[in-house]
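So you can see what is in the structure, the chains are spelled out below.
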Amino acid sequence: MAEVILSKVRKAYGNVLAVKDFSLDIADQEFVVLVGPSGCGKSTTLRMIAGLEDITSGTITIGNRVVNDLQPKDRDIAMVFQNYALYQHMTVYDNLAFGLRNRRTPERDIEAAIRHAAKVLSIEGLLDRRPRQLSGGQQQRVALGRCIVRNPKVFLFDEPLSNLDAQLRAQMRLEIKELRQRVPTTSIFVTHDQVEAMTLGDRIVVMKDGLVQQVGTPLELYRRPVNQFVASFIGSPSMNFFQMRISGAGDQILLTGEGLSFALPPSRFPGLARSDSDSVTVGVRPQHLRLGRAEDADQVSFSGTLMVTEQLGDEQLLAIRVGNSDIRIAGVDPELNLATGASIEVATAMDNLHIFDGTSGVALR
């Protein structure tokens, strides 16, 4: 077991900076998820921790040992890859044993480690099969087992669920969470799927263009995003946004735009009251919108035209046109029959509004 510390880690490919001054302390047994769009630097960061990529500058420490110049095999880490990376000509047993045999581990200890891992992952009946005889989920369990038998200080996961279908991904997420309880090892998990990040991570690191945007627990990122990018990336369906201008002051701050008008008290929005910007982006999550007019002074409301309904069985998702924006509404009664083109009244509590600077995108509250 070990903590992992990255201090001002940078990776450059010629004149292109893929990772810029990445700093993070990962506690012993913590499960941290790196998430972001393709090309944000998350997999490059993981590969630098593993030793598969050289770092341009900075320091990586695993268990109080600087590993910058150590080979991957000497870092005491184990990695699960997107494509499983199993030897197709070997049985499952031999795939699990391969790394231990290279380290000249006694065969009796190898067998004990494999039997333990197979029991943990419920793959005892697969040990004599070859990878081509296994389903995608079974192959992923074997890849996990190869990590467990080595008993490393750190597990590294590089988008391990991306090749699975939606139902199997959900099942494997549960199995990885259960595995953590049985094998509580420091883990770093890379994904572009924010649902995986939210469900698996003790903390999440959101990245964009090689930079860390925010680090926090799933609820911290969902409830208090530091900028518009994090707000848009975390949460499903994505947060709705309105472009608005500040046109009032004094006892109320008046925001107008997209055919909307919100009168907000400065005491509730101190960041907005202090802002020097004359334009803002107002965000609200689809789950925080409800059909109907505002019922009291703590709510704001607006109307739009119903464009699309999506029936999900236990709820409906609505898309309404407000000005030039398409706004999503989640959690609508699936039995409610609404006609396309109808005018829809929508309300939400002021506390559900997220305000971002119109230029920088930084959160103002």
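Let me begin by describing the structure that accompanies this report. Since we're looking at a predicted model, the values are computed, not measured. As a convention, each chain's residues are numbered from 1 in the sequence order in which they are written. Owing to the predicted nature of the model, reporting of local features is limited to residues with pLDDT of at least 70; listing and counting of side-chain atom pairs is limited to 80 or more, with chain, interface and lining totals taken over all residues. Calculation of side-chain values draws on the structure's entire complement of heavy atoms; hydrogens and water are dropped beforehand.

## A short note on the pairing of strand E20 (residues 354-357)
What counts is decided by this rule: A simple rule labels every residue: compare its accessible area, found with a 1.4 Å probe on the protein chains alone, to the largest value its type can have, and call it buried under 20%, exposed over 50%, or partly exposed in between. Numbered from the N terminus, helices here are DSSP runs of H or I no shorter than four residues, and strands are runs of E no shorter than two. Strands are labelled as partners when DSSP assigns at least two bridges between them.
Residues His354 and Phe356 of E20 are buried on one face, and the alternating residues Ile355 and Asp357, pointing to the opposite face, are buried as well. Pairing between strand E14 (residues 279-284) and E20: 4 bridges, direction antiparallel. Within E20, the residue paired with Val282 across the bridge is Ile355.

## Observations regarding the packing of helix H3 (residues 107-121) against helix H4 (residues 136-150)
Let me state the cut-off plainly: Axis angles are defined between N-to-C directions and span 0 to 180 degrees, where every axis is a line fitted to C-alpha atoms and, for a helix, only to the segment in contact. What sets the label is the angle itself: under 35 degrees gives roughly parallel, over 145 gives roughly antiparallel, 65 to 115 gives roughly perpendicular, and the rest give oblique. Crossing handedness follows the turn of the near helix against the far one: under a right angle anticlockwise gives a left-handed crossing, and clockwise gives a right-handed one. Should any heavy atoms of two residues lie within 4.5 Å, those residues are counted as being in contact. Classes in brief: Ala, Val, Leu, Ile, Met, Phe, Trp, Tyr, Cys and Pro nonpolar; Asp, Glu, Lys and Arg charged; the others, Gly included, polar.
Close contact between H3 and H4 brings their axes to 9 Å; oriented N to C, the two are set at 135°. What the angle tells us is that H3 and H4 run oblique. Here the hand of the crossing between H3 and H4 comes out right-handed. Every residue of H4 that contacts H3 at Ala113, Ile114, His116, Ala117, Val120 and Leu121 is listed here: Arg141, Leu144, Gly145, Ile148 and Val149. Residue classes in the contact of H3 with H4 are distributed as 8 nonpolar, 2 polar and 1 charged.

## A few points about the sheet that holds strand E4 (residues 57-62)
Taking strand neighbours across the sheet as the criterion, the 4 strands line up as E2-E1-E4-E5 in an open arrangement whose pairing is antiparallel. Each edge of the open sheet is held by one strand with a lone partner, namely strand E2 (16-26) and strand E5 (65-66). The sheet contact formed by strand E1 (residues 4-13) and E2 spans 7 bridges and is antiparallel. For Tyr13, the partnering residue across the bridge sits in E2 and is Val16.

## What to know about the pattern of salt bridges
Pairing is possible between side chains that carry opposite charge, provided their charged atoms lie close to one another. Stated formally: By salt bridge we mean one thing: a side-chain nitrogen of Lys or Arg within 4 Å of a carboxyl oxygen of Asp or Glu.
Per the counting criterion, the structure on display carries 17 salt bridges. A salt bridge links Arg268 to Asp298, with the nearest nitrogen and oxygen atoms 3.1 Å apart. Of the two residues, Arg268 is situated in the loop between strand E13 (260-264) and helix H9 (270-274) and Asp298 in the loop between strand E15 (290-291) and strand E16 (299-311); the sequence distance between them amounts to 30 residues. Using a relative accessible area of 28% as the deciding quantity, one classes Arg268 as partly exposed. For Asp298, a relative accessible area of 42% gives the class partly exposed. Residue Asp326 pairs with Arg321 through a salt bridge whose shortest N-O separation is 2.3 Å. Here Asp326 falls in the partly exposed class, since its relative accessible area comes to 47%. One connected set of salt bridges, linked through shared partners, spans Lys11, Arg47 and Glu53.

Function cannot be read off these values alone, since they describe shape.
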